[in-house]
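Chain residues, written in single-letter form:
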2 protein chains.
Amino acid sequence: MQANLTMKKIAKELGVSVSTVSRALQNHPRIGSLTTEKVQKLARELHYQPNSRAINFKNNRSFNVGVVLPYLTEQFFSIALSGIEETLMEKGYSVVVMQSKNDYEREAAAVDSLIRHGVDGILVSMASETYNKSHFNNATHKVPIVFFDRVLKHPRYSAVYGNITKAAFDAMEYLIEKGYSDIALMNGPNSLQATSEREKGYVDALKKYNIPVDIQYVKNLNLTKEDTVLKINELLDLENRPRIILAFHDYIALDAMEVCKQRGLKINQDISFVTFSNLSFCTYLDNPPIATVEQFPGELGSSAAQLLLEAMETPDTYEPREIVIEPKLIIR
Amino acid sequence: MQANLTMKKIAKELGVSVSTVSRALQNHPRIGSLTTEKVQKLARELHYQPNSRAINFKNNRSFNVGVVLPYLTEQFFSIALSGIEETLMEKGYSVVVMQSKNDYEREAAAVDSLIRHGVDGILVSMASETYNKSHFNNATHKVPIVFFDRVLKHPRYSAVYGNITKAAFDAMEYLIEKGYSDIALMNGPNSLQATSEREKGYVDALKKYNIPVDIQYVKNLNLTKEDTVLKINELLDLENRPRIILAFHDYIALDAMEVCKQRGLKINQDISFVTFSNLSFCTYLDNPPIATVEQFPGELGSSAAQLLLEAMETPDTYEPREIVIEPKLIIR
DNA sequence: CTGAATGGCGCAATCGGTTGCGCAACAGTC
DNA sequence: GACTGTTGCGCAACCGATTGCGCCATTCAG
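Owing to the predicted nature of the structure, the values given are computational and were not obtained by experimental measurement.

Peer 1: Explanation requested: the relation of the copies chain A and chain B in the structure shown.
Peer 2: These two copies of the chain differ by a rotation about an axis and a displacement along the same axis. Expressed as a screw operation, the relation of chain A to chain B combines 0.1 Å of axial shift with a rotation of 180°, fitting to an RMSD of 0.2 Å. On this basis, the relationship between the two copies can be described by a two-fold rotation axis. The C-alpha atom lying nearest the rotation axis in chain A is that of V96(A); the distance is 2.1 Å.

Shown next, in the form of structure tokens:
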């Protein structure tokens, strides 16, 4: 850890003033070519690097962007983060990441901490437990915020998200057209906006084809394995057992498949699955979900990053807006 | 985006000096309780937040830590990053993450960029293509560096990594004791240190049991699917086809399994796999690898973070050192 | 009534750069 | 020789917060 090398030392060494050193390093025309050369030579020899904290302080910019998401270990979010990192890196920004673990307190603390750390903007995918939104209001007074995937819909905020309703509708339409019936929905937790959107697409499709909606076929899960096991068992216990399960996540489908197998059902024969995330490993399953909705998490992240870039770099003309990424149904 | 609220404004509003405001906010004993109360009240009302950039500048600390890793989308690294984030968050540090994509140039640029952004320390899992180490030498003059998983072994650097040799040895010993023979090794790329360590464990175990080493059984892969397909086909084409494949990653095993199935071999009957990463979804496979080496990426990351914390907070007494995390063989 | 002690607060320097302005020296013009 | 223009560089303010030191006013002891 070498001692701090500042312009002051270069200036003293050369018998010139600090301002001359500063200008010489910027090739300022008012500095003589001889002096400029001398300064640059010594700076090179001493491996001078300007103190970024001083520059950030002076410019009131840090070129850091905060990202708050539920879990880094969830593939959806790590892919989104990767897209964010790529987009921001190109523009010279760094990514500061924090996990909310779906906890409101942690999320609020993370947003607060990012502000205190002096980021120039924040990307958020909301915790499922977030009921109080005031931490975003406070933060947005200081820096722009853009939501992605798990968004807060409000004219004040930009948001990037997938068209879940249409995705669910498309998946249902595909299944119905294929002649499948008895389609159940294993949906996410109530606290997520996507849950109601998914249900809407499910219901809309049934209505379009004049199929009655059986509320016993719609289950909201709470993300724990126990609950998944409970709900799939409830479905399998129904007199009119579903033939297709529309699951809101591959992992939910996998856990449900296990229960099915234990109960002697053959996957993709007695019962099939369609999922809302396209995890790469599913192609390796002997009996994968017959279709899946690809939500393009990388594009979600990178679009959100681009909105944030605009908000940070042209704050005067920037108007909050929403971008909808169309998911794609992938048939296996 | 409200205008910057500084101490100056509070001071002017109250007709006191900036230093009084500063001290009042710190409950300095030399400030009268009346003044202190007034200042704190107004600060609260105006939602005053100290300018972190000014404080960072003054203290020459940012409480940011840089993390450079190959890919965020690789589960191993996203779990490691999660462990890093948890450990550092507790101590008030934030994590700035960058992907090297296994490219030397990007890695060097990332390290450089982190230094310029003013991080207090750096955690690195090296790019497989990194041949030149000078970017680390330059960086370490400025801030401490700790390596994790893909480490640079050098007395100057701290490093945290798994005991791959022993893990490979243990896996082999288990297989040999179980009576398995004809065990092949699908290893990683030459450029990774872990590759030679894994090979050493493989060879050591064979030698211990006086089993001749067949070099045709040892393949080094380059991480592309084509190469994996090529190498598994070479193995299956051998006169003495292996019965067990020790694969250095679950995804390699999955790709190889596909080829095996295509060639009419039954997994876990005609041929079985043992892998070096314990990806959660493998438990959902109908025929998963019969054993797997858990490398505890979260612990790897969090141990590295703890070393870095020590290096950052007590730089005078800190001595670089290595921590070895013992992997665990998990039998399915 | 004077001297010291104490409480309450402000001045100014500091961190490391950047930048407007001004000063000096010199050349060129009339 | 006085005037203007140009070149080359330094002074000092500034960004926002922190902090050593010193000043003034009050209080209390002697």
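After that view, the rundown keeps rolling.
Peer 1: What's the story with the interface of chain A and chain B in this structure? I'm lost.
Peer 2: When the parts come together, some accessible area is lost, and that loss is often what is quoted as the size of the interface. At the junction of the two partners, chain A supplies 57 residues and chain B supplies 57 residues. Contact between chain A and chain B buries roughly 5100 Å² in total, counting both sides, with carbon and sulfur atoms accounting for 48%. Where chain A touches chain B, the interface holds six salt bridges. A salt bridge links R53(B) to D120(A); the nearest nitrogen and oxygen atoms lie 3.4 Å apart.

Peer 1: Mind showing me how you'd approach the sheet that holds strand β12 (residues 328-331) of chain A here?
Peer 2: One key point about sheets: their strands pair by backbone hydrogen bonds, in either a parallel or an antiparallel sense. Residues and elements named next belong to chain A. What the six strands build is an open sheet, ordered β7-β6-β8-β9-β10-β12; its pairing is mixed. On the outer flanks of this sheet lie β7 (218-220) and β12, each paired with one strand and no other. With direction set aside, neighbouring strand axes in the sheet form an average angle of 20°. Summarising the sheet, strand β6 (residues 183-187) and strand β8 (residues 244-247) pair through four bridges and their orientation is parallel. Along β8, the bridge assignment pairs L185 with L246.

Peer 1: Please explain helix α9 (residues 193-208) of chain A as it appears in this structure.
Peer 2: Every α-helix carries 3.6 residues per turn, so stepping three or four residues along brings you back to the same face. Residues and elements named next belong to chain A. Given a rise of 1.5 Å per residue, 16 residues ought to cover 22 Å, and the 23 Å separating the end C-alpha atoms of α9 matches this to within 8%. Listing the buried residues of α9 in full gives T195, E197, R198, G201, Y202, V203, A205 and L206. Of the surrounding secondary structure, the elements contacted by the buried residues of α9 are β5 (158-162), α8 (164-177), β6, β7 and β8. Note on α9: the residue one or two positions beyond its end, N210, has a positive phi of about 55°.

Peer 1: I keep staring at the protein's contact with DNA strand D and nothing clicks. Help me out?
Peer 2: The environment of DNA strand D is made up of 27 residues, and the closest members are T20(A), G32(A), T35(A), R23(B) and Y48(B). Sugar plus phosphate, as a fraction of atoms of DNA strand D within 4 Å of the protein: 46%. Between DNA strand D and the protein, one listed contact pairs a phosphate oxygen with a backbone N or O atom of M7(B) at 2.8 Å. Within the side chain of Y48(B), an N or O atom sits 2.7 Å from a phosphate oxygen of DNA strand D. The set of elements that each furnish at least two residues to the surface near DNA strand D consists of α2 (18-25) and α4 (52-59) of chain A together with α1 (7-14), α2 (18-25) and α4 (52-59) of chain B. Of the residues assigned to the surface near DNA strand D, the class counts are ten nonpolar, eleven polar and six charged.

Peer 1: Can you help me understand the domain arrangement of chain A in this one?
Peer 2: Residue and element names in this part refer to chain A. Splitting chain A by domain gives domain 1 (7-50), domain 2 (62-161 + 297-324) and domain 3 (164-294). Distance between the C-alpha centres of domain 2 and domain 3: 30 Å. Each side of the interface is counted separately: domain 2 has seven residues, and domain 3 has eight residues. Of the roughly 650 Å² buried where domain 2 meets domain 3, counting both sides, 48% is carbon and sulfur surface.

Peer 1: Is there a simple way to explain helix α3 (residues 33-45) of chain B in this structure?
Peer 2: Residue and element names in this part refer to chain B. With 13 residues, α3 extends 18 Å from end C-alpha to end C-alpha; this agrees with the ideal 18 Å at 1.5 Å per step. Those residues of α3 not exposed but buried are T36, V39, Q40, L42 and A43. Along the long axis of α3, the arc covered by the buried residues comes to 165°, so they all point the same way. Away from its buried face by more than 90 degrees, α3 exposes S33, L34 and R44. Looking at the buried side of α3, the elements it contacts are α1 and α2.

Peer 1: In this structure, what is going on with the sheet that holds strand β8 (residues 244-247) of chain B? I would like to understand it.
Peer 2: All names here are of chain B. With respect to topology, six strands assemble into an open sheet ordered β7-β6-β8-β9-β10-β12, the strand pairing being mixed. Each of the sheet's edge strands pairs with one partner strand only, and the pair in question is β7 (218-220) and β12 (328-331). Mean inter-strand twist for the sheet, computed between neighbouring axes without regard to direction, equals 20°. In this structure, strand β6 (residues 183-187) lies alongside β7, joined through three bridges in parallel fashion. Across the sheet, residue N187 finds its bridge partner in β7, namely N220. The strands touched by helix α9 (residues 193-208) are β6, β7 and β8; relative to β6, the strand with the most contacts, the crossing angle is about 170°.

Peer 1: Would you mind showing me how to read the packing of aromatic side chains here?
Peer 2: Given two aromatic rings, one states the distance between the centres and the angle between the planes to describe the pair. Under the definition given, this model contains eleven aromatic pairs over all chains. Centre to centre, the rings of F136(B) and F147(B) are 5.0 Å apart; their planes meet at 85°, and the pair counts as edge-to-face. One end of the pair, F136(B), is in helix α7 (residues 134-140); the other, F147(B), is in strand β4 (residues 145-148), with eleven residues separating them in the sequence. Each of the two residues, F136(B) as well as F147(B), counts as buried. Here the aromatic cluster, defined as three or more aromatic residues joined through ring pairs, consists of F136(A), F147(A) and Y157(A). Here the basic side chain of R198(A) rests over the ring of F276(A), its NZ or CZ set 4.7 Å away from the ring centre.

Peer 1: Which parts of the structure should I look at to understand the protein's contact with DNA strand C?
Peer 2: Neighbouring residues of DNA strand C: 27 residues in total, closest R23(A), K58(A), T20(B), G32(B) and T35(B). For DNA strand C, the fraction of protein-proximal atoms (within 4 Å) that sit in sugar or phosphate groups is 45%. Separating a base nitrogen of DNA strand C from a side-chain N or O atom of K58(A) is a distance of 3.4 Å. One nitrogen or oxygen atom from the side chain of K58(B) is found 3.4 Å from a base oxygen belonging to DNA strand C. Mapped onto the surface near DNA strand C, the elements with two or more residues apiece are α1 (7-14), α2 and α4 of chain A together with α2 and α4 of chain B. Looking at which element gives the most residues to the surface near DNA strand C, the answer is α2(A), with four residues. Of the residues belonging to the surface near DNA strand C, the class tally is ten nonpolar, eleven polar and six charged.

Peer 1: I keep staring at the packing of helix α8 (residues 164-177) of chain B against α9(B) and nothing clicks. Help me out?
Peer 2: Two measures define how a pair of helices packs: the angle their axes make with one another and the distance between the axes. All names here are of chain B. Here α8 crosses α9 at 35°, and the two axes come no closer than 7 Å. In the packing of α8 onto α9, the handedness of the crossing is right-handed. Seen from α8, the contacting residues are I164, T165, A168, F169, M172, E173 and I176; seen from α9, they are A194, E197, R198, K200, G201, Y202, D204, A205, L206 and K208.

Peer 1: How should the side chain of N102(A) be read in this particular structure?
Peer 2: Structurally, N102(A) is set in the loop between β2 (94-99) and α6 (104-117). Here the side chain of N102(A) touches S128(A) through a polar contact of 3.2 Å, landing on its backbone nitrogen.

Criteria and cut-off values
Residues numbered from 1 in each chain as written. Chains lettered and ligands numbered in written order. Predicted model: local features only at pLDDT ≥ 70, side-chain atom pairs only at ≥ 80, totals over all residues. Heavy atoms only, no water. Least-squares fit on C-alpha atoms with pLDDT ≥ 70 in both. Contact = heavy atoms within 4.5 Å. Buried area = accessible area lost by both parts, 1.4 Å probe. Salt bridge = Lys/Arg side-chain N within 4 Å of Asp/Glu carboxyl O. Pairing = 2+ DSSP bridges. Helix = DSSP H or I, 4+ residues; strand = E, 2+ residues; numbered from the N terminus. Axes fitted to C-alpha atoms, helices over the stretch in contact; angles between N-to-C directions. Expected span 1.5 Å × (residues − 1). Buried < 20%, exposed > 50% of the residue type's maximum accessible area, 1.4 Å probe, protein only. Near = heavy atom within 4 Å. Polar contact = N/O pair within 3.5 Å; in protein donor to acceptor, adjacent residues only side chain to side chain. Nonpolar A, V, L, I, M, F, W, Y, C, P; charged D, E, K, R; others polar. Domains from an automatic or database assignment. Arc of directions from axis to C-beta. Phe/Tyr/Trp six-rings, centres within 6.5 Å; stacked < 30°, edge-to-face > 60°. Lys NZ or Arg CZ within 6 Å of the ring centre and 35° of its normal. Left-handed = near helix turned anticlockwise from the far one by under 90°.

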